[in-house]
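# Per-entry structural report
Spelled out from the first residue to the last, the chains are:
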Amino acid sequence: MKKSTNPLPDQPPRWADQLLEWFVAPHLLEYIQGDLHENFHKRVAKVGIARARREYLWAVFHCLTPFFTKRQTIKSSYSNQPSTVMLSNYLTIAFRNLWRQKAFTAINIVGLSVGLASCLLIVLYVLHELSYDSYHAHADRIYRMTMHARMDEKDINLAYSTGPSGQALLRESSGVEAVTRLRKEGAFLVKHGQDIIKEEKVAFVDSNFFSVFSLPMMKGSPKNALAEPNTVVLTKTTAQKYFGKADPIGQSLTLGNLGLFRVTGVCEDVPSNTHFHYDMFGSFESVKTGDKWLASGAYTYVRLREGHSLAQVETISRGFVSKYIAPEIKEFFGMDFTEFQKKGNRFGFQFQPITDIHLRSDLDDELEANSDAKYVYIFSVIAFFILLLACINFTNLSTAGSASRSKEVGIRKVLGSVRTQLVTQFLTESVLLTFFALVLALVLVFLLLPSFNVLSGKQFTVNDLVNGRLLMGAVVCSLVIGLLAGSYPAFVLASFKPITVLKGKLQIGGRGGWLRNALVTTQFVVSIGMIVATIVANRQIQFMQNKKVGFDREQVLVLHDTHVLGAKADAFKAELAKLSSVVKVASAGFLPAGHTSQNVDGVQIQDGARTATHRTKGYYIDEDYLPTLGIGLAQGRNFSKAFSTENTSVLLNEAAVRTYGFKNPIGQQISTVGDGSAGSKRTYTVVGVVKDFHFESMHQHIAPLVIFYGKDNNQLALRIQTNDIPTLLQKIEQQWKATTDNPFAYSFLNERFSKMYQSEQHISQLFAVFAGLAVLIACLGLFGLAAFTTHQRTKEIGVRKVLGSSVTGIVTLLLTDYLKLILIATLIASPIAGYTMSQWLRDFAYRIDLPWWAFALAGVLATIVAVLTVSYLAIKAALVNPVKSLKAE
Amino acid sequence: MRKTILGELEELVLLVVAACNEDVYGIPVMEELQQQTGRDFTISAVHTTLYRLEEKGFLSSSVGGATAERGGRRKRLFALTAAGGEVLLEIQQTRTRLWQSIPQAKLELMGLSANPF
C-alpha cells in the first residue's frame, strides 16, 4: 500500500503506542511519536507491514530511556537559584501565615505537642521497661533457675530454686560457666557506732556475684570481697550514708542478730533497670542455707558457656529430681517417690532468661514485684493512638485551615507558581508547625517529668530525655509527622484549579468529607474507649477498697520492728495498754496488709487410713490479736491464757475447713510437716474457726489459713480510739524512746491496705490522664472539623436564614452532624472497650460486673464535651447576618 | 556559553543539520546519517542527540508541519545557531592543524593517499 490517506489499515501496534505514551514525557511525546509514525509508514512501503511493525516495536523499546521519561520541570526559570533563597522565602511565608491565623496555629501546636509529649513520656517508660537487666555482660547467657512443683493438685511456682541445685548443676553440666546464688533474709537493724538504721534491702550473695552481674566494684576486689563469712559489700550511696567521706574498707557494721560484718568492698548503686535493688550484699557464707533439697532455697543464677544450648542444661536438671529429690520425698512426705508421683505430684526446674524476669515472670516470692509485659503493650498502644489522634487532628486542622487559602493558591498559580513549589510551601509550613510543637512538647515533658515519675514509679531525669537516641528519634519522628500530616492538605491545595478557585468556589467539598468524618470518628472511638476503661478501673479499685475484708482496718496503729525490745516487749505492751486511747494491743508480726511475716507449711490430715497433705499459709498470733483486728469467730473459741495446752491448739479459717473437708472442725487433729527435722513435725488440735478475712490481695481467693498460738513480736498492732492521733503518737514515741534507742516507726492498717492496690491505682490514674488527653485532642479535632464545615456552609446558612430559619434551627442542624459521628463512635468503642476491660477484670478473684452504664456515661460525656466545643462555632455561624455571608462571591 | 566537547554522533548530527538548507526534523537527519555513514541509527538516538545539542545551544528548535502519516502530530524542527556554526568551524580548524602536522611521507609510506580535502 502506498501513501494512504486512510491510515487505518497499516497502523503500528496499539500497545506499543500506549507504552510509548505512558512512558515518554508529554513535552517530548508528540515529536518522537510523529517521527516514529512517519518512519513506520515509509518502512511499510519499503519492507512490508510485518517487518515495519517489528521495527516500530524495536524503535519504541529504544525510547525507553531515562532521557525520554524525565518529566519536564520548570528548571530553566527557577532551579538555577540557590535553594536557600527559596527555602528562606518558604519560611518567611510560612511564619506569616502561621502568625496570621493565630487561633488555628495555637490549636494545632497545642494538640500536637500534647500528643508528642505524652508519646515521649510513654516511650521513655517503655524503653526503660524493656531495658531491664540487658546491661549485664553476656546477659543473653544468664538464666535464673526456678523451681516448679505440683502438690495436692496445686501448682507451686517459685522464683528461687533449692539451695544445692545450683552447685549440682555446676558440677554435672559442662555447659554451665558460672552459678551464683542470692538469699534474702528480710530487713536488718544495722548498727554503726551509736546509730541504728533499719535496712530493708540486704542480700547475701556468692563471692562470684559481681562477676556474673555487671555491678562494677569501686573499691575492693570483685572476686574475693565476699569469699569469707561476715563480710559485706555496700553500694556507693549506702557507704556514704554510714561512713561519709571516710574509707569504708575494713570498717565494721552490726547486722541485726548476725553479728559483726567487715566491709570489704564498695560497688556502684544497682541501676534502676535491674530486677533487684539491694544496698548491702553480705557474703553467702554468713547465712545458713540448708543442704536438704526440699527444705532450702536460694535465688540461683546460671551463666552458660558460649555456644552451649539451654536444652542440655535443662535435661541435666530434669535428672536431679530422681537423683536428689526422690530420696528426700520419703523423709518429708512419708511415702516413696513412685507413690508420690502417682498422686499427680511432681517437681521440676525451669530456666528464665534474666532479661525476661522483669516483664514476663510472675512467680511466688519474686525478689521485687515485677512489671508485666501486658502494661508495656497497653502503653505502647496508647502512645501510638495518642500520636495517631494528634496527627489526624493536625491533618484535619491543616486541611480546614487551607480552605481559607484557596484564593492564595489561585493567585500563586496564576502568577506562575508550579505544583512542586506550592507543595513545598505547604509542607514547610506543616514541618515548621511540628517543630514548634516538638519544642513545646519537650518543655511539657520537662515540666511533667516529676509527676510522671510519681505516676509511673520511675526516676527519670532530664538526662534520660536529652541523652541518647530518644531526642534524635523525636526530631526524626516530628519531621516524618510534619511531612505525612502535611502532605494531604499540601497536595489537595496544590491541585486546585486557579480558575474555579478564583471564581470563589471551593473544591474540597464532599471528596475529602468522608475521610475527615472517619478521622474524627476514630478519635472519638479512642476517647470513648479510654473513658470506659477509666470508669471500670476506678470502680474496681473502689470495690476492692470498700469490700468487707473480714477485719476492721480503721483505727489500727501498727508499730514496726518491736522485736528489738526483746525481753522488754511485754512490759512495753503493758505500758501501751494503759494509755487511755489504746483499746487493745497485740503482737502482730503477721498482718493482712503491707509488711508481714510469712509462713508456709505442709499440713497433714488423717482421714481414716488416708493422709492428705495441704500446703497452707500459717499465722502466729497471741490471744489479743483477733479482738484487736476485729476478726470474728465462726465456731469454737479464741486462744486464751487460761489454757495450758495452747501450744498444741490451732485455729482455722473457714476456707481451710472447707479445703480439709472437716464437717465438724472443732477437736480435729492436724499435723505439720515442717522442714524435715524431727522437732518440726507436730500435731495440733483445732479449737476454733475464724471467719474468712482477706489476708492477701483481692487478686486471689481467700486461701486456707492455719493460725497457731505464739508470739510474733516483729510488729505490734494497737486498736486505738482517738481523734487526736498526733498526741497519741507522741506519747507512744516517748514510751519507745524510754525503752530502746532503735528507730521508731509506725503505720496505719488502712493505709497499708490501700497501698496493696497501688499498681492498680497507678494504672487507673494513667488511664484517667490519657483519657483526658485523648478527649482533649479529639475535641481539638472536632473543633477543626466544625470550623471547616461551618465555613463551607456559610452560604447555606445565609440562605436558610433568609428563608426564615431560626438560630436554634440552624444550631441544631449543625450539631446533629457531629452527634451522629459520636453515636457511631460509641457503638464502635463499646464492644472493644467492654472486651478489653473484662479481660483486665479477670485478674481479680473478687471483681465487679462490667457496669453497662459506663458505656452510656462515656457516650454522654463525649457528647457533652463535643456539644460544648462545637456550639460556639455553630452559634457564631447562626448569628451571622445573612447579608454578609451572601454578598461575598 | 561554556565550551563543550562534542561526541562523534553529536558532531555528525550537527553537520547534517548544518548541511540542510531549511529546518529539519528527526527523520531526514536519520536518513541522511544512514546514507552518509552506512550505519543504522534509531530515531530515539537521533532525537536524544538533537535535544542535547539544543540544550548546549548549538541548535534551535521550532514546532511545525503536521502530516497525515504522523497522525496529525507536529514536527520538532531544528536549525543551526551561530554558536553551532562557530563550534563546527573550530572543530574543522583543529582538525586541519592536526592534519598539517602529519609528515607527508608517513601516510604515503603506508600506501595511503594523504589528501583530506
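Please refer to the structure higher up on the page.
Predicted, not measured: the structure shown is a model, and the values here were computed from it. (Residues numbered from 1 in each chain as written. Chains lettered and ligands numbered in written order. Predicted model: local features only at pLDDT ≥ 70, side-chain atom pairs only at ≥ 80, totals over all residues. Heavy atoms only, no water.)

### Observations concerning the overall build of chain B
Check the secondary structure of chain B and you find 5 helices and 2 strands. Beginning at the N terminus, the succession of helices and strands in chain B can be written as α-α-α-β-β-α-α. Radius of gyration (C-alpha) of chain B: 17 Å, far over the 13 Å computed for a compact globule of 117 residues. For chain B, the C-alpha atoms occupy an extent of roughly 60 × 35 × 20 Å along the three principal directions. Buried residues in chain B amount to 35% of all 117 residues. The contacts in chain B between residues at least 6 apart in sequence include a share of 52% that link residues at least 24 apart. (Helix = DSSP H or I, 4+ residues; strand = E, 2+ residues; numbered from the N terminus. Rg over C-alpha atoms; globule rule 2.2 N^0.38 Å. Buried < 20%, exposed > 50% of the residue type's maximum accessible area, 1.4 Å probe, protein only. Contact = heavy atoms within 4.5 Å.)

### Let's talk about the overall build of chain A
The helix and strand inventory of chain A stands at 30 helices and 24 strands. On C-alpha atoms alone, chain A measures out to a radius of gyration of 38 Å, which is more than a quarter above the 29 Å that the 2.2 N^0.38 rule sets for 889 residues. Reported as C-alpha extents along the three principal axes, the dimensions of chain A are approximately 130 × 75 × 65 Å. Counting every position in chain A, which comprises 889 residues, the buried fraction comes to 50%.

### Comments concerning helix α15 (residues 406-414) of chain A
Think of an α-helix as turning once every 3.6 residues; residues three or four places apart then point the same way. Residue and element names in this part refer to chain A. The complete set of buried residues in α15 reads Ser406, Val409 and Gly410. Buried residues in α15, looked at end-on, bunch into an arc of 100°, giving them a common side. Just downstream of α15, Gly416 is the residue with a positive phi angle, here 105°. (Arc of directions from axis to C-beta.)

### Describing the packing of aromatic side chains
One pair of aromatic rings is described through two measures. These are the centre distance and the angle between the planes. All names here are of chain A. Scanning all chains against the criterion turns up 48 aromatic pairs over all chains. When the ring of Phe551 is compared with that of Phe753, the centres are 6.4 Å apart and the planes differ by 80°; the resulting orientation is edge-to-face. On the criterion of sequence distance, the pair formed by Phe551 in the loop between α20 (510-546) and β14 (556-559) and Phe753 in helix α25 (residues 749-755) is long-range, its members being 202 residues apart. Phe753 shares its class with Phe551; the two are buried. One aromatic cluster in this structure is built from Phe551, Phe590, Tyr619, Tyr620, Tyr625, Tyr684, Phe693, Phe695, Phe708, Phe753 and Tyr757. Note that Lys102 overlies the ring of Trp99, its terminal NZ or CZ placed 4.9 Å from the centroid. (Phe/Tyr/Trp six-rings, centres within 6.5 Å; stacked < 30°, edge-to-face > 60°. Lys NZ or Arg CZ within 6 Å of the ring centre and 35° of its normal.)

### Observations concerning the interface of chain A and chain B
Much of the literature gives interface size as the accessible area that the parts lose upon coming together. Chain A puts 18 residues into the contact, and the matching count from chain B is 18 residues. The largest per-residue losses of area from chain A upon contact with chain B belong to Tyr31(A), Asp35(A) and Glu38(A), which jointly make up 33% of the total buried on that side. At the junction of chain A with chain B, the criterion picks out 4 salt bridges. One salt bridge in this structure joins Arg70(B) and Asp35(A), with 2.6 Å as the shortest N-O distance. Scanning the region where chain A abuts chain B turns up 12 residue pairs in polar contact (both at pLDDT 80 or more). Looking at the side of chain A that touches chain B, the elements with two or more residues in it are α2 (26-47) and α4 (66-69) of chain A. With 13 residues, α2(A) is the largest single contributor of residues to the side of chain A that touches chain B. (Buried area = accessible area lost by both parts, 1.4 Å probe. Salt bridge = Lys/Arg side-chain N within 4 Å of Asp/Glu carboxyl O. Polar contact = N/O pair within 3.5 Å; in protein donor to acceptor, adjacent residues only side chain to side chain.)

### Here's the deal with a negative patch on the surface
All names here are of chain A. On the surface, Asp362, Asp364, Asp365 and Asp372 cluster together into a patch of negative charge. By the element assignment, Asp365 lies in the loop between α13 (357-360) and α14 (373-403). Accessibility expressed as a relative area gives 41% for Asp365, which makes it partly exposed. (Patch = residues over 30% accessible without salt bridge, like charges linked within 9 Å, V, L, I, M, F, W, Y side chains within 5 Å. Areas by Shrake-Rupley, 256 points an atom, 1.4 Å probe, with all protein chains shown as cover. Lys, Arg positive; Asp, Glu negative; His and termini not counted. Charge placed at Lys NZ, Arg CZ, Asp CG, Glu CD.)

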